[in-house]
Amino acid sequence: MPALPRRRLEKVAINMTPMIDVVFQLMIFFMLTLNIIAPEGDFDVRMPLGKSAGQPTEDLQVPPIKVRLDAQPDGSLASIRVDGRPVEGFSELRQLVAGLVDDAGASAGDLELELDCDYDLDYANVISAITAVSGRIDDGRLIEMIKKITFAPPSAE
Amino acid sequence: MTRKTTGPSTVENDMTPMIDVTFQLITFFMFVLNFSEAEQDERIQLPASQLAKPAEGVLETPITMQLTATGGVLYAGEIVPVDQITTPLRREREIIVAAGKDPKQATVIVRADGRASTGDVQRVIRACQEEGFERFALRAHYEPE
């Protein structure tokens, strides 16, 4: 039996150019569509219809803490009042609410807060107020304060 | 004098490391590509907050209400005045009900501009409540202090 001719090992050169072209195109596409967006977060609020109309729910033991935000004609914040008492700025509001939460002890989870804002108030102030009352950061940890937040019906338009 | 001529020699570069790195880069850019941009709009500048929690997982049947600084609601690429928002909301509600879901379980994401009037935001919330929505997520930029 004649021996098969031994084939020499041939080096097959693959043409890499088209692949590299495509890969670079892809890379440029993804680089250009990259859009760095600041992270967004939510404040989850549960508001059935009855609640925002100022009607207390049946299981409500304590009256809600009423936070009033007054606006200046240009929409900026004029004053903050908690249950009628004037408060200087959001940091004092946070301290005051933290005190109320500590006093409430175990029933702190039932505390409810009602935001009463002027119609023309800039919405950013509402978020600042919600930030101030819903929690505080202590040593890098979040301590939750008030979870139930409602809105009073809008005052004069 | 004759010089020994050498033929045109091809220098073969090893392409493997470059292709490796390029694929790594492509993978990186594919992962950071953000597909949720669709619901974001540069016309709205969200207020900043250090406590805004990034949404845990995907919200069930979210409806996004985007309120501009001038008091219009961005809906389907158009600006709808606040007092006419009921019609599109009713449509959203019908879609949710037709899909066999409960509007009470749907979350309304409120993306309102920081300069919008609080009263307008409340009117939008009220309109949503009248259509049976209860869950609201007030959206803000997360900004650590």
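Residues numbered from 1 in each chain as written. Chains lettered and ligands numbered in written order. Predicted model: local features only at pLDDT ≥ 70, side-chain atom pairs only at ≥ 80, totals over all residues. Heavy atoms only, no water.

1. Notes on the overall build of chain A
Thought 1: When helices and strands are counted, chain A shows 4 helices and 8 strands.
Thought 2: Listed by position from the N terminus, the elements making up chain A come as α-β-α-β-β-β-α-β-α-β-β-β.
Thought 3: The buried share of chain A, taken over its 157 residues, is 34%.
Thought 4: When contacts within chain A are restricted to residue pairs at least 6 apart in sequence, long-range pairs at least 24 apart make up 63% of them.
Thought 5: Total accessible area computed for chain A in this model is approximately 10,000 Å², and 55% of it derives from carbon and sulfur atoms. (Helix = DSSP H or I, 4+ residues; strand = E, 2+ residues; numbered from the N terminus. Buried < 20%, exposed > 50% of the residue type's maximum accessible area, 1.4 Å probe, protein only. Contact = heavy atoms within 4.5 Å. Areas by Shrake-Rupley, 256 points an atom, 1.4 Å probe, with all protein chains shown as cover.)

2. A short note on the overall build of chain B
Thought 1: If you tally the helices and strands in chain B, you get 3 helices and 6 strands.
Thought 2: Moving toward the C terminus, one meets the helices and strands of chain B in the order α-β-β-β-β-α-β-α-β.
Thought 3: Relative to its 145 residues, chain B shows a buried fraction of 42%.
Thought 4: In chain B, of all internal contacts separated by at least 6 residues, the share reaching a separation of at least 24 is 78%.
Thought 5: For chain B, the exposed area adds up to about 8,800 Å²; of that, 52% sits on carbon and sulfur atoms.

3. Details of the packing of helix α1 (residues 17-33) of chain A against helix α1 (residues 16-32) of chain B
Thought 1: It is the contact of α1 of chain A with α1 of chain B, at a shortest axis distance of 9 Å, that shows an interaxial angle of 30°. The orientation of α1 of chain A with respect to α1 of chain B, classified from their angle, is roughly parallel. For α1 of chain A against α1 of chain B, the interelement crossing comes out left-handed. The residues of α1 of chain B that touch α1 of chain A, namely those facing M19, I20, V23, F24, L26, M27, F30 and M31 of chain A, are M18, I19, T22, F23, L25, I26, F29 and M30 of chain B.
Thought 2: Partitioned by chemical class, the residues of the contact of α1 of chain A with α1 of chain B number 15 nonpolar, 1 polar and no charged. (Axes fitted to C-alpha atoms, helices over the stretch in contact; angles between N-to-C directions. Parallel < 35°, antiparallel > 145°, perpendicular 65-115°, else oblique. Left-handed = near helix turned anticlockwise from the far one by under 90°. Nonpolar A, V, L, I, M, F, W, Y, C, P; charged D, E, K, R; others polar.)

4. Re the packing of aromatic side chains
Thought 1: Applying the stated rule across the entire model yields 2 aromatic pairs over all chains.
Thought 2: Seen in terms of ring centroids, F29 of chain A and F30 of chain A are 5.1 Å apart; in terms of plane orientation they differ by 65°. Their pairing is edge-to-face.
Thought 3: On the accessibility criterion, F30 of chain A (9% relative accessible area) is buried.
Thought 4: Between F28 of chain B and F29 of chain B the ring centres are 5.1 Å apart and the planes differ by 65°, which places this aromatic pair in the edge-to-face class.
Thought 5: Residue classification places F28 of chain B among the partly exposed residues on the basis of a relative accessible area of 45%. (Phe/Tyr/Trp six-rings, centres within 6.5 Å; stacked < 30°, edge-to-face > 60°.)

5. With respect to the side chain of R111 of chain B
Thought 1: By secondary structure assignment, the location of R111 of chain B is in strand β5 (residues 107-112).
Thought 2: Side chain to side chain, R111 of chain B and E40 of chain A meet in a polar contact 2.8 Å long. (Polar contact = N/O pair within 3.5 Å; in protein donor to acceptor, adjacent residues only side chain to side chain.)

6. Looking at the interface of chain B and chain A
Thought 1: Contacts between the two partners involve 54 residues from chain B and, on the opposite side, 52 residues from chain A.
Thought 2: Here chain B and chain A share an interface that buries about 4,600 Å² over both sides, 62% of which is from carbon and sulfur atoms.
Thought 3: Counting the contacts that link chain B with chain A gives 3 salt bridges.
Thought 4: D42 of chain A is paired through a salt bridge with R139 of chain B; the nearest N and O atoms lie 2.7 Å apart.
Thought 5: Viewed at the interface, chain A and chain B are joined by 15 residue pairs in polar contact (both at pLDDT 80 or more).
Thought 6: Per-element tally for the side of chain B that touches chain A: the top contributor is helix α3 (residues 118-130) of chain B, with 10 residues.
Thought 7: Split into classes, the residues belonging to the side of chain B that touches chain A amount to 29 nonpolar, 12 polar and 13 charged.
Thought 8: In terms of strand pairing, strand β1 (residues 40-46) of chain A meets strand β6 (residues 135-142) of chain B through 7 bridges, oriented antiparallel. (Buried area = accessible area lost by both parts, 1.4 Å probe. Salt bridge = Lys/Arg side-chain N within 4 Å of Asp/Glu carboxyl O. Pairing = 2+ DSSP bridges.)

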